[in-house]
Amino acid sequence: MEFTAKQIADLIQGKVEGNEQTTVHTFAKIEEGTPGAISFLSNPKYMHYIYETKSSVVLINEDVVLEKPVSATLIRVKNAYECVAKLLQFYESMKPRKTGIDPLASISSKATIGEDVYVGAFAVIGDGAVIGNGTQIYSHVVIGDGVTIGEKCLLYPHVTIYQGCKIGNNVTIHAGSVIGADGFGFAPNTEGYDKIPQIGIVMIEDNVEIGANTCIDRSTMGQTTIHKGVKLDNLIQVAHNCEIGENTVMSAQVGLAGSTKIGSWCMVGGQAGFAGHIHVADKTFVGAQCGVISNTKGNGEQLIGSPAVNPKMYFKARAIDAKLPDMYRQVAALQRELEELKKKLND
């Protein structure tokens, strides 16, 4: 596929500076640009690359001031990062979609399959499962009995969805993820642990994306809920009876203990951990490797460190940490002086 700078500008409401007929057929980072590629500049740290990039077209913000001429054709837009995301989505939508049912797929006669559905080789769809129109199910996916999957979903290879779980429309689940495994529920007894049956489900609403090898456990009773618009990275653990609010995003290796409630529009950094039975308010920003052990205060709160505190408190504490070796030596010296004084007084 090949597009001119003018066609791209029309698509994203941008303004061309340079040759409108310059064509591109691929994407490239600005520092790795090649002829025929389109790049973008949104981070000021990469500003110097615009003068040396070999990309044919570069998206830049409309308020960027150039210090010298550039060889690339420019398209000025309000938000270059947002526009390149739109272009990538458009590019992805142009790729041909897989269709049809592979003869090596195993589909129960009691399942309901919508129109224009793709099911790959060795995929398994159980009794009573319902698959919505336009959904794509790749090889080795296992969909349990009674699972409901909405329209235009995309399940990559080796995804497993346990019995009874419900998936909304336009949901993407990447390879190796497990939806609806038993929550971690055990009751101690004199000889070990009794398993507590997990009889609930997982409910995933519309427009959710789940990264590779992420696990979302079914609830003990009721449901574990992932609300619409949530984006989860790879290798995330969501325990039983958790709830993640609308449009919250989480980076890789985040862990949620049971019955944690995360609000809407939260942003969570990688490897953050949440204690069970706590509530995180809407629009909370949680830093990487943060340990959240109690309810948060309110909208817009920022947390870093473990246990989690506000950044001001965290950096004050870290500043003191740096002084601890000197403070230790000073205290040791004072102790020696005190012992010497005691000895003199006793003499």
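Just so it is clear, the structure is predicted and the values come from calculations on it, not from any experiment.

Rules used throughout
- Residues numbered from 1 in each chain as written.
- Predicted model: local features only at pLDDT ≥ 70, side-chain atom pairs only at ≥ 80, totals over all residues.
- Heavy atoms only, no water.
- Pairing = 2+ DSSP bridges.
- Helix = DSSP H or I, 4+ residues; strand = E, 2+ residues; numbered from the N terminus.
- Contact = heavy atoms within 4.5 Å.
- Axes fitted to C-alpha atoms, helices over the stretch in contact; angles between N-to-C directions.
- Expected span 1.5 Å × (residues − 1).
- Bend = angle between axes of the 7 residues up to and from the residue.
- Polar contact = N/O pair within 3.5 Å; in protein donor to acceptor, adjacent residues only side chain to side chain.
- 1 Å grid on protein atoms, 1.4 Å probe; cavity = no way out; pocket = protein on both sides within 12 Å on 5 of 7 lines; lining within 4 Å.
- Points joined across faces, edges and corners; volume = space filled by probe spheres on them.
- Nonpolar A, V, L, I, M, F, W, Y, C, P; charged D, E, K, R; others polar.
- Phe/Tyr/Trp six-rings, centres within 6.5 Å; stacked < 30°, edge-to-face > 60°.
- Buried < 20%, exposed > 50% of the residue type's maximum accessible area, 1.4 Å probe, protein only.
- Parallel < 35°, antiparallel > 145°, perpendicular 65-115°, else oblique.

Below, the discussion takes up the sheet that holds strand 2 (residues 15-17). Across the sheet, which stays open at both edges, the five strands sit in the order 2-7-6-5-4 with mixed pairing between neighbours. Strands with a single pairing partner mark the edges of an open sheet, and in this sheet they are strand 2 and strand 4 (26-27). Relative to strand 6 (residues 57-61), strand 5 (residues 37-41) is paired through four bridges, and the arrangement is parallel. In the strand pairing of strand 6, S39 is matched with V58. Contacting strand 4, strand 5, strand 6 and strand 7 (73-77), helix 2 (residues 80-93) runs over the sheet at an angle of about 135 degrees to strand 6.

Moving on, we get to helix 3 (residues 311-346). If you check helix 3, its first and last C-alpha atoms are 50 Å apart, about what 36 residues at 1.5 Å a residue would give, namely 52 Å. Of all bends in helix 3, the biggest is about 45 degrees, found at L324, and the proline P325 comes one to four residues later. Looking at where helix 3 begins, the residue whose side-chain oxygen comes 3.1 Å from the main-chain nitrogen of K312 is N310.

The subject of this paragraph is the pairing of strand 21 (residues 178-181). Note that strand 18 (residues 160-161) and strand 21 share two bridges and pair parallel. In the strand pairing of strand 21, T160 is matched with V178. Inspection of the sheet shows strand 21 paired to strand 26 (residues 215-217) by three bridges, in the parallel sense. Within strand 26, the residue paired with V178 across the bridge is C215.

Turning our eyes to something else, we now look at the layout of surface pockets. Space inside the largest pocket adds up to approximately 960 Å³. In this structure, the largest pocket is lined by 26 residues; those nearest its centre are Q89, E92, S93, L154 and T172. Counting residues per element, the lining of the largest pocket draws most heavily on helix 2, which supplies eight residues. Size it by volume and the second largest pocket reaches roughly 210 Å³. Lining the second largest pocket are 13 residues; nearest its centre among them are K29, I30, E31, F40 and Y46. Here the element with the most residues in the lining of the second largest pocket is strand 5; it accounts for three residues. Across the lining of the second largest pocket, the residue classes tally to nine nonpolar, two polar and two charged.

It is worth spelling out the packing of aromatic side chains at this point. The geometry of an aromatic ring pair comes down to the distance between the two centres and the angle between the two planes. By the definition in use, this model includes eight aromatic pairs. When the centroid spacing of 5.5 Å and the interplanar angle of 75 degrees are considered together, the rings of Y118 and Y138 count as edge-to-face. With Y118 in strand 11 (residues 118-119) and Y138 in the loop between strand 14 (136-137) and strand 15 (142-143), this pair connects stretches of sequence that are 20 residues apart. You can call Y118 buried: its relative accessible area is 11%. Ring pairs connect the aromatic residues Y118, Y138 and Y156, which therefore count as one cluster.

Our focus in this paragraph is the pairing of strand 23 (residues 192-195). As paired elements, strand 22 (residues 186-189) and strand 23 share four bridges and run antiparallel to each other. What sits directly across from N189, in strand 23, is G192. Counting the residues that bridge the hairpin from strand 22 to strand 23 gives two residues.

With that settled, the discussion passes to the side chain of N241. The residue N241 is located in the loop between strand 29 (237-238) and strand 30 (243-244) in this model. For N241, a relative accessible area of 16% translates into the label buried. From its side chain, N241 meets the backbone oxygen of M221 in a polar contact 2.9 Å long. Once residues within four sequence positions are removed from consideration, N241 is found in contact with S219, T220, M221, Q223, T224, S259, T260 and K261.

With respect to the helices and strands, the residue L154 is situated in strand 17 (residues 154-155). Taking the C-alpha atoms as reference points, L154 and Q7, separated by 147 residues in sequence, lie 29 Å from one another. In contact with L154, other than residues within four places in its own chain, are Q136, Y138, V171, T172 and I173.

The next subject is the packing of helix 1 (residues 5-12) against helix 2. Helices that pack against each other are described as a pair by the angle of their axes relative to one another and the distance between those axes. Put simply, helix 1 and helix 2 touch, their axes get as near as 10 Å, and they point 110 degrees apart. As judged from the angle between their axes, helix 1 and helix 2 are roughly perpendicular. Residues I8, L11 and I12 of helix 1 lie in contact with helix 2, whose contacting residues are C83, L87 and F90. Looking at the contact of helix 1 with helix 2 residue by residue, the class counts come to six nonpolar, no polar and no charged.

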